[in-house]
Amino acid sequence: MEKQQFKAESKRLLDLMINSIYTHQEIFLREIISNASDAMDKLAYLSLTDQNVGLSRSDFAIDITVDEKARLLTVSDNGIGMSREDMEENLGTIAKSGSLQFKKDMEQQEDIDIIGQFGVGFYSAFMVADAVTVISKKYGSDEAWMWQSSGADGYTITPCEKDSAGTQVIMHLKADTEDENYSRFLQEHELRSLVRKYSDYIRYPIRMDVTKTRVKEETKDSEKPEYETYTENETLNSMVPLWQRAKKDVTEEEYNRFYQEKFFDYENPLATIHLSIEGNITYKALLYIPARAPYDFYTKEYKKGLQLYSSGVLIMENCEDLLPEHFRFVKGIVDSQDLSLNISREMLQHDRQLKLIASNLEKKIKSELKKLLENDREKYEKFFNAFGRNLKYGLVAEYGMHKDLLQDLMLFWSSKEQKLVTLQEYVDGMAEGQEHIYFAAGESRQRLSQLPQMELLQDKGYDVLFFTEDVDEFIPQTLQKFAEKDFKNIASDDLGLTSDEEKKAMEEKNEAAKPTLDFIKETLGDRVKDVRLSATLKSYPVCLVPDEGMSFEMEKYFQKMNPEMGFKAGRILELNPEHAVFATLQVAVAQDPEKAKKYVEVLYDQSLLMAGLPIDNPTEYTDRICSLMQ
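Residues numbered from 1 in each chain as written. Predicted model: local features only at pLDDT ≥ 70, side-chain atom pairs only at ≥ 80, totals over all residues. Heavy atoms only, no water.

A. Region of interest: the overall build of the chain. The secondary structure content of the chain amounts to 19 helices and 22 strands. For the chain, whose C-alpha radius of gyration is 36 Å, the value lies well above the compact-globule estimate of 25 Å for 630 residues. Counting only C-alpha atoms and orienting by the principal axes, one finds that the chain spans roughly 120 × 65 × 55 Å. By sequence separation, contacts in the chain at least 24 residues apart represent 69% of the contacts at least 6 residues apart. Total accessible area computed for the chain in this model is approximately 31,900 Å², and 46% of it derives from carbon and sulfur atoms. Separation of charge centres in the chain, based on 79 positive and 112 negative side chains, amounts to 1 Å. (Helix = DSSP H or I, 4+ residues; strand = E, 2+ residues; numbered from the N terminus. Rg over C-alpha atoms; globule rule 2.2 N^0.38 Å. Contact = heavy atoms within 4.5 Å. Areas by Shrake-Rupley, 256 points an atom, 1.4 Å probe, with all protein chains shown as cover. Lys, Arg positive; Asp, Glu negative; His and termini not counted. Charge placed at Lys NZ, Arg CZ, Asp CG, Glu CD.)

B. Highlighting the packing of aromatic side chains. For the structure on display, the rule yields 29 aromatic pairs. The interplanar angle of 75 degrees and the centroid separation of 5.5 Å between the aromatic rings of Phe122 and Trp147 together place this pair among those described as edge-to-face. Here the residue Phe122 occupies a position in the loop between helix H4 (100-107) and strand S3 (129-137), and Trp147 occupies one in strand S4 (residues 144-149), the gap between them amounting to 25 residues. Like Trp147, Phe122 is buried. (Phe/Tyr/Trp six-rings, centres within 6.5 Å; stacked < 30°, edge-to-face > 60°. Buried < 20%, exposed > 50% of the residue type's maximum accessible area, 1.4 Å probe, protein only.)

C. Layout of the environment of Glu507. You can see Glu507 is positioned in helix H14 (residues 500-512). On the accessibility criterion, Glu507 (57% relative accessible area) is exposed. In this structure, the C-alpha to C-alpha distance between Glu507 and Leu533, residues 26 residues apart in sequence, is 8.7 Å.

D. Layout of the pairing of strand S17 (residues 464-467). Alternating positions in S17 separate into two faces, Val464 and Phe466 on one and Leu465 and Phe467 on the other, with burial throughout. One ladder, built from 2 bridges, connects strand S14 (residues 412-414) with S17; its direction is antiparallel. Note on S17: the bridge partner recorded for Ser414 is Leu465. One ladder, built from 4 bridges, connects strand S16 (residues 436-441) with S17; its direction is parallel. Directly across from Ala440, in S17, lies its bridge partner Phe466. (Pairing = 2+ DSSP bridges.)

E. Inspection of the sheet that holds strand S9 (residues 271-277) at higher detail. Strand order across the open sheet formed by 5 strands is S9-S10-S13-S11-S12, with mixed pairing between neighbours. The open sheet has two edge strands, S9 and strand S12 (313-319), and neither has a second partner. Mean inter-strand twist for the sheet, computed between neighbouring axes without regard to direction, equals 15 degrees. Bridging between strand S11 (residues 306-310) and S12 involves 4 bridges; their strand directions are antiparallel. In the sheet register, Tyr309 faces S12, and the bridge partner there is Leu314. (Axes fitted to C-alpha atoms, helices over the stretch in contact; angles between N-to-C directions.)

F. Geometry of the nonpolar core. Membership of the largest hydrophobic core comes to 136 residues, with the highest contact counts inside it found for Trp147 and Met171. The dominant element in this core, judged by the number of residues it contributes, is helix H2 (residues 27-47), at 9 residues. Core analysis: the second largest hydrophobic core is formed by 33 residues, Phe474, Ile520, Leu608 and Leu613 among them. (Core = buried A, V, L, I, M, F, W, Y, C linked by side-chain atoms within 4.5 Å.)

G. Region of interest: helix H19 (residues 618-629). For H19, spanning 12 residues, the distance from its first C-alpha to its last is 17 Å, which sits close to the expected 16 Å at 1.5 Å a residue. Between the side-chain oxygen at the start of H19 and the backbone nitrogen of Thr619 there is a gap of 3.1 Å, and the oxygen is on Asn617. (Expected span 1.5 Å × (residues − 1). Polar contact = N/O pair within 3.5 Å; in protein donor to acceptor, adjacent residues only side chain to side chain.)

H. Geometry of the environment of Thr272. Tracing the chain through its elements places Thr272 in strand S9. Residue classification places Thr272 among the partly exposed positions, given a relative accessible area of 25%. Put simply, Thr272 and Thr299 are 27 residues apart on the chain and 25 Å apart in space, counted from C-alpha to C-alpha. Contacts of Thr272, omitting those with residues within four sequence positions, involve Tyr255, Leu286, Leu287, Tyr288 and Glu368.

I. Quick peek at the pattern of salt bridges. Per the stated rule, a full pass over the model turns up 44 salt bridges. Measuring nitrogen to oxygen at the nearest pair gives 2.2 Å for the salt bridge that ties Lys538 to Asp459. With Lys538 in the loop between strand S20 (530-533) and strand S21 (542-546) and Asp459 in helix H12 (residues 454-459), this residue pair connects regions lying 79 residues apart in the sequence. (Salt bridge = Lys/Arg side-chain N within 4 Å of Asp/Glu carboxyl O.)

This is how it looks when you write it as structure tokens:
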């Protein structure tokens, strides 16, 4: 019996297979099972035209057997089998390639789409086995053959006996080392787990003898029943994926149970999206919108992505390219035969098909969310409380590239309606004569409702949106307009509520109050950029507004992100000329400048507090209050 050598380029590929192409050793079982499934597909297809096959689809099965003592793991199928020539072609020349070009391609580490050909994934067995034996008999042949190899040193093919068509792959597992525990691939629980993880939806049953326990018959009725172990041949995989069934044949309970088991959630999803797409690319998808955010959702540890299957075989646990960042909360599965995979099936080629699927899924998710918003507001608001912040970050990211997609999904608190509203609902409910979308940004709705600038708008019957998350204030900057309406920050922008006559009158008042305003500026120094009278204050004596360019909320945000940068908005102190406090201040400036300085300091600190900003020295503030009360 002469040992035959692998062709040179095949030896190189074998070395790559064992040492570098696959990132996880456990992948070997998926590859061996997938090859067995392919072999049965071929014979099942042949049976449609050849009555002599004598097998129907329900007769095909894959069997896993373990000999722990001999360290043997065997995967058997009753598929089409291989002749000696098939073995030479498939196993002697890896990937059916005898060309030096293949070696060059591999050395350049280019991805080659050769999945589905027996001989590529097969060699992943050498990651865990130091010797592999393949016994096979081709359908229609009287001869059986045995292929044996211990790796790169070559292989032998000899005649053998086998009763029926099919193939057995017998792997002798390597000895355990300090770093590697190969024995785990002989354990029932590990094999069961790997089959469920990677090959659960192979269309044929994958069977294995499993050890179980039961009460001994003779002790069943006793107070202390005794137990015995027994072996039962069990099908490990579920075979028919839920997403392969027609929507009308799946109940809501089945969808929910599948979601909870597959994605380890104790709550039902808020929505389910079941797709079956045929066209430029054919795929099926089962997507879920969860009811709550996982504990690590806003951390770096959270892994987005959908599970990617090819013909029922798990290819990637988290395919990030299928989900945009703004929909990273979606869980689910995509199954397609049309994607180009690299040699190890563990990476996708970045090709047109993948982008087509991702683009289509994005539209479907948006459509489902919009439907939820329109038809089940309570459920949508629950979703938005869980994931709204993620949508907002998606809207402002990449210079607003996704704003058209996401702006209709936004919800903000309405001061007038006292509930969450969409931007469209806000515009539809605008009071007569209102020209702008007004918003206020701060830490809480309660604090925003007490802003001095709110009074005038409420008197006019104008609604104000409350922005209470860090990202909110970036949304108006990103959108610029909505439904042809400008956004106005009530704490910093000109609200557009004063007529030309009122503006002129205010200019005259500012000129008349110049001595008092100059005194305030001198007292506060570089703490303020300007001091002026306000046309918007009603019952409040004073307020602080930011200069153009940065709001106070943005200042807080940047300070939190990077305190050392020292980002600070310019401060403008506005005073109410109609308030009694201003009249008192004017008298003090003229008659008791020292007392007037205390008034100015108190008013400035009060303006800081109302704007949600820290005062420089709380002790000095309280001392001034006390001294003025004496």
